[in-house]
Amino acid sequence: MTAQSLHRSEGDLVRRARWNRLDVKAAPYAFISPYFILFALVGGFPLLFTAWVSFRQWSLIGGDAGFVGFDNYAAVLGQEYFWVALGNTLSIFLLSVIPQLVLATIIASALSTNLRAKTLWRMGVLLPYVLAPVAVTLIFNDLFGDSFGAINQALQTSGLPTIAWHSNTLASHIAIATMVNFRWTGYNALILLAAIQAVPQDYFDASKLDGAGRLRTFFSITLPLIRPTMIFVVVTATVGGLQIFDEPQLFSVLERGGPANQWLTLTMYLYEVGWTQSNLGRASAIAWLLFLIILIIGLLNFLVARALASDRIRTSKAAEAVHKTVPDAISESAE
Amino acid sequence: MKHSTKALAILATMGLGLAALSGCASSAPGSAGGNVKLTLTTWGEFGYEDLIKQYQKENPGVTVEQRKAADANAARDATNTYLAAGTGLGDVIAVESSWLAQMMQYPDKWRPVSQDLSDRWLAWKSSAATDQNGVLRMYGVDAAPAGICFNKDMFAEAGLPTDRAAVATLLEGSWEHFFQVGADFTSKTGKPWTNAASAIGQAEIQGLELTFQDKDNKVVATTNPDVKAAYDAAVRQVGITANMATFGADWTKGLGQNSFATQVCPSWMLGVIKSSAPDSTSWDVADVFPGGGISWGGSYLAVPAQTTNPDAAEKLAAWLTAPEQQLAAFAKVGAFPSQVAALKAPELLSTSDAYFQNAPSGEIFSNRATAISVRTYNGPLSAQISSFFNDAINRVEAGSSNADDSWAQFESDVKSLG
């Protein structure tokens with residue numbers, strides 16, 4: 001560096017300083033803007049456009065036919081179909097999400113132990129997720145056929161009464177929930193496994209020293225510490241579970257919700273109103289109502305999950321004193 | 001040093017970006033050079049597989065890809081979606097007569113049929129596909145007269161005749177007579193007489209001139225006494241039906257497992273039965289239909305206005321629906337011709353079907369076609385109301401509802417469409 005290059009004008013330095021500050025302040029926003037721009041285009045705009053369409057009479061092929069205010073919403077809420085679909089959606093949702101999460105947690109804690117061929121097992125649970133949902137549904141349909149399905153054939157040969165999978169409402173919900181669980185349990189298990197593995201080993205060592213059994217460790221240490229991940233899994237399962245479409249749509253070859261709408265979900269109803277009845281205005285109203293329902297239930301689930309898996313590690317008062325000193329003792333001896 | 005590496009990095013990124021963009025551009029399809037690829041969308045069995053190979057041989061440079069929808073309803077939903085989107089329909093699509101009226105609500109979305117073909121088809125076939133200005137928009141495919149397919153092995157078990165002429169005499173008469181024979185059969189063998197009550201309901205509906213909508217497209221489904229009568233007759237037969245709705249998974253298996261003795265058979269059903277139960281040797285078809293003769297279904301081919309190969313598409317549609325090609329399709333899958341010249345052709349009367357015990361299918365369905373006395377009027381909402389009607393009967397057959405509650409549900413379903 002010569003004296004000449006060091007000698008820059010005052011103005012030059014000030015400009016550079018200003019650019020520098022702009023760079024530091026604006027660069028982060030520039031880096032995250034692609035995501036938000038994309039979201040605005042692909043997520044935000046459709047959301048607002050759907051709201052706009054829901055206030056108009058809009059036929060699928062005929063197009064826009066004018067403003068109708070809240071007529072579409074009133075019509076949809078006045079339809080028995082909407083409430084039947086809502087009930088079915090909630091029922092399938094509960095039947096799928098609760099067993100899914102329980103099973104996923106159990107599988108995750110099993111996978112976190114010292115198994116042989118660990119990676120094989122961990123990849124294995126993800127296989128159902130990789131299969132195309134349509135293919136899985138078609139194969140499960142063979143299992144759940146009323147007259148010729150594998151399950152009913154087995155029940156018949158063992159002398160038990162067959163189950164009317166396509167007539168009984170609850171049976172159809174269980175069948176659909178089974179298909180959904182088959183697909184998503186492994187996926188959720190792996191996410192929870194990652195969370196379990198992130199729990200510091202110190203806690204487990206301490207609990208072993210205290211003589212805590214596996215179950216006690218699981219409920220008092222593991223569960224509370226994977227709370228953030230648990231909340232994430234519950235919320236995503238909620239959002240996905242309330243929008244189930246593939247599995248119920250293909251449950252019957254007629255691709256509708258059953259003769260008495262036994263398994264008609266809200267998204268299926270949306271599709272029927274929008275594309276079979278060609279009424280996009282009403283379909284948009286259903287879409288926004290579904291959006292609001294998912295928001296409310298998602299929020300509820302978030303609060304429930306937060307309450308169930310409290311942040312504090314639950315310990316007995318006597319053990320608390322020991323807990324406070326043991327980790328310090330370990331780290332002291334390590335030094 | 002710092003500046004040159006930075007400049008190098010920028011240049012490299014720009015270069016990569018340009019390469020990627022140019023790659024995208026060069027992969028765009030170029031239809032230069034006379035090579036035309038046409039998409040033909042159908043469902044079920046139209047019998048076009050061999051015909052397409054023949055067309056490609058006679059027209060070098062033209063490739064035809066047949067896409068099959070799962071069934072007619074799936075094809076209708078997909079057609080609605082692509083019509084709304086303005087692209088994706090392909091070059092030639094099949095349209096079923098039950099939703100033809102829905103498609104003809106937008107006549108300018110379909111390319112008109114060439115004038116010199118206008119008298120190729122039966123008058124009633126063309127008139128349904130002609131718009132208000134007298135322009136024919138769709139190419140008629142098949143006419144779909146209906147007979148009764150029967151399972152000769154199950155008939156033999158019950159002591160009923162197995163010769164198809166004798167079966168025709170046995171089943172000749174009204175629907176009540178058909179149900180009576182069925183009740184006797186079921187009480188003797190304990191097996192179902194026919195596949196589903198909803199199939200009976202549909203068959204009865206097809207025998208009426210006015211069903212769910214009148215000629216002004218006003219919805220009369222709930223006030224038309226004939227519709228209620230058909231419903232009542234169908235649900236009364238629930239004891240002698242197998243609860244296997246047509247095209248369902250159970251029905252497809254039931255065909256091969258001798259689960260029911262008769263099946264209402266429009267001519268196109270022959271191809272469906274053949275492909276669903278290819279190993280069965282029990283099915284035959286009789287020249288009879290309760291209550292006279294009906295036409296059930298029948299399709300058209302249409303060339304959407306959004307096609308990118310209009311001339312080639314029109315040529316293909318016109319060729320596929322020519323009398324000679326329809327006769328070939330009839331021999332293969334039972335798609336009975338709606339073309340005037342084909343109906344007079346001697347090959348038609350001599351066609352027989354090996355799967356159905358060498359039944360003279362040409363003769364049978366010609367007779368059935370002559371026996372047709374009414375044409376059902378289908379309005380734009382008829383297909384949707386027909387689904388509700390089927391659901392109403394299915395509910396009673398599956399046991400989820402009794403007849404009165406199910407009819408009340410049907411009434412509220414029909415009202416919800418308005």
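Note that the structure is a prediction, hence the values are computed from the model and not measured.

Criteria and thresholds
- Residues numbered from 1 in each chain as written.
- Chains lettered and ligands numbered in written order.
- Predicted model: local features only at pLDDT ≥ 70, side-chain atom pairs only at ≥ 80, totals over all residues.
- Heavy atoms only, no water.
- Helix = DSSP H or I, 4+ residues; strand = E, 2+ residues; numbered from the N terminus.
- Buried < 20%, exposed > 50% of the residue type's maximum accessible area, 1.4 Å probe, protein only.
- Contact = heavy atoms within 4.5 Å.
- Expected span 1.5 Å × (residues − 1).
- Arc of directions from axis to C-beta.
- Pairing = 2+ DSSP bridges.
- Axes fitted to C-alpha atoms, helices over the stretch in contact; angles between N-to-C directions.
- Disulfide = S-S within 2.5 Å.
- Buried area = accessible area lost by both parts, 1.4 Å probe.
- Salt bridge = Lys/Arg side-chain N within 4 Å of Asp/Glu carboxyl O.
- Polar contact = N/O pair within 3.5 Å; in protein donor to acceptor, adjacent residues only side chain to side chain.
- Core = buried A, V, L, I, M, F, W, Y, C linked by side-chain atoms within 4.5 Å.
- Patch = residues over 30% accessible without salt bridge, like charges linked within 9 Å, V, L, I, M, F, W, Y side chains within 5 Å.
- Areas by Shrake-Rupley, 256 points an atom, 1.4 Å probe, with all protein chains shown as cover.

(A) Spatial organisation of the overall build of chain B. The secondary structure content of chain B amounts to 19 helices and eight strands. Referenced to the eigenvectors of the C-alpha coordinate spread, the extents of chain B come out at roughly 100 × 50 × 45 Å. Here chain B holds 418 residues, and 54% of them are scored as buried. Partitioning the contacts of chain B with sequence separation of at least 6, the portion at a separation of at least 24 is 75%.

(B) Highlighting helix α8 (residues 175-189) of chain B. All names here are of chain B. Relative to the 21 Å expected for 15 residues at 1.5 Å per residue, α8 spans 21 Å between its end C-alpha atoms, a close match to the ideal helical length. W175, F178, F179, V181, G182, F185 and T186 are the residues of α8 that are buried. Buried residues in α8, looked at end-on, bunch into an arc of 160°, giving them a common side. The exposed set on the far side of α8, more than 90 degrees from its buried face, consists of S187 and K188.

(C) Up close: the pairing of strand β2 (residues 63-67) of chain A. Residue and element names in this part refer to chain A. With three bridges joining them, strand β1 (residues 56-59) and β2 adopt antiparallel strand pairing. Bridged to W58 within β2 is D64. Counted between consecutive antiparallel strands, the loop separating β1 from β2 contains three residues.

(D) Summary view of the sheet that holds strand β1 (residues 36-43) of chain B. Residues and elements named next belong to chain B. Strand order in this open sheet of five strands is β2-β1-β3-β8-β4, and the pairing throughout is mixed. Single-partner strands in this sheet number two, and they are β2 (62-69) and β4 (139-140). In terms of strand pairing, β1 meets strand β3 (residues 92-96) through two bridges, oriented parallel. Each bridged residue has a counterpart across the sheet, and for T41 the counterpart in β3 is I93. In the packing of helix α13 (residues 310-320) onto the sheet, contacts are made with β1, β2, β3, β4 and β8 (299-302), and the angle to β1 comes to roughly 45°.

(E) Layout of unusual backbone geometry. Here the phi dihedral of S278(A) falls at roughly 60°; this positive angle occurs in a residue that is not glycine. Among the structural elements, S278(A) can be located in the loop between α14 (266-276) and α15 (280-308). Located in the positive-phi region is N217(B), a residue other than glycine, with phi close to 65°. Mapped onto the fold, N217(B) is located in the loop between α9 (197-205) and α10 (225-236). A relative accessible area of 33% places N217(B) in the partly exposed class.

(F) Highlighting the environment of R214(A). Residue and element names in this part refer to chain A. On the secondary structure map, R214 appears in helix α11 (residues 214-225). Judged by relative accessible area, R214 falls into the exposed class, the value being 74%. Spatially, the C-alpha atom of R214 lies 14 Å from that of N114, the residues being 100 residues apart in sequence.

(G) Molecular detail of the state of the cysteines. Residue and element names in this part refer to chain B. Tallied over the entire structure, the rule returns one disulfide over all chains. In this model C149 forms its disulfide with C265; the gap between the sulfur atoms is 2.0 Å. Taking the torsion about the S-S bond as the criterion, the C149 to C265 disulfide, at about -105°, is left-handed. A residue pair is termed long-range when its members are at least 10 positions apart, and C149 in strand β5 (residues 146-151) and C265 in strand β6 (residues 262-266) qualify at 116 residues. In this structure, C149 and C265 share a single accessibility class: buried.

(H) Inspection of the interface of chain A and chain B at higher detail. Each side of the interface is counted separately: chain A has 27 residues, and chain B has 34 residues. Interface area for chain A against chain B, summed over the two sides, is near 2,500 Å², with a carbon-plus-sulfur share of 48%. It is I61(A), F148(A) and P259(A) that lose the most area in chain A upon contact with chain B, and together they represent 28% of the buried surface on that side. Applying the counting rule to chain A against chain B returns one salt bridge. In this structure, the salt-bridge partner of K253(B) is D142(A), at a minimum N-O distance of 3.1 Å. Between chain A and chain B we count seven residue pairs in polar contact (both at pLDDT 80 or more) in total. At the level of elements, α4 (80-111) and α14 of chain A are the ones that each hand at least two residues to the side of chain A that touches chain B. For the side of chain A that touches chain B, the leading source of residues is α14(A), giving four residues.

(I) Structural context of the nonpolar core. In this structure, Y269(A), F212(B), Y231(B), F389(B) and F410(B) are the most contacted members of the largest nonpolar core, which totals 63 residues. Among the elements that take part in this core, α4(A) stands out by supplying 10 residues, more than any other. Excluding its chain neighbours within four sequence positions, the residues that come into contact with F410(B) are F212(B), A221(B), T222(B), I385(B), F388(B), F389(B), A392(B) and R395(B). In terms of nonpolar packing, the next biggest core, distinct from the first, is built from 52 residues, L89(B), V92(B), Y300(B) and A312(B) among them.

(J) Region of interest: the sheet that holds β6(B). Residue and element names in this part refer to chain B. In spatial order, the strands read β6-β5-β7; together these three strands make up an open sheet with antiparallel pairing. Two strands close off the open sheet at either side, each with one partner strand: β6 and β7 (283-286). Put simply, the sheet's adjacent strands are angled 35° from each other on average, direction ignored. Strand direction decides the pairing type here: β5 and β7, joined by four bridges, are antiparallel. Its bridge partner being in β7, F150 is matched across the sheet by D284.

(K) Focus on the environment of Q66(B). Residues and elements named next belong to chain B. In this fold, Q66 is placed in strand β2. Residues in contact with Q66, not counting those within four places in the same chain, are L40, T42, Y48, E49 and I52. In terms of polar contacts, Q66 uses its side chain to reach the side chain of T42, at 2.8 Å. Engagement of the side chain of Q66 in a polar contact is seen with the side chain of E49, the distance being 3.3 Å.

(L) Looking closely at a nonpolar patch on the surface. All names here are of chain A. A cluster of nonpolar side chains, L47, L48, F291, L292, L295, I296 and L300, forms an exposed patch at the surface whose accessible area comes to about 640 Å². At the level of secondary structure, the elements contributing two or more residues to the nonpolar patch comprise α2 (10-54) and α15. By residue number, the principal contributor to the nonpolar patch is α15, which donates five residues. Inspection of the secondary structure assignment puts L295 in helix α15. On the basis of relative accessible area, L295 is assigned to the partly exposed category, the value being 48%.

(M) Focus on the pattern of salt bridges. Residue and element names in this part refer to chain B. Taken as a whole, this structure holds 19 salt bridges over all chains when the rule is applied. Between D50 and K53 there is a salt bridge; the shortest N-O distance is 4.0 Å. Residue D50 and its partner K53 are both found in helix α2 (residues 49-58); the two are separated by three residues, about one turn of the helix. Accessibility expressed as a relative area gives 43% for D50, which makes it partly exposed. A salt bridge links E176 to R236; the shortest N-O distance between them is 3.8 Å. Of this pair, E176 sits in helix α8 while R236 sits in helix α10, placing them 60 residues apart in sequence. On the basis of relative accessibility, which here comes to 45%, the residue E176 falls in the partly exposed class. Linked by salt bridges that have partners in common, E45, E49, K68 and K332 make up one network.

Nothing here speaks to function; it is all geometry.
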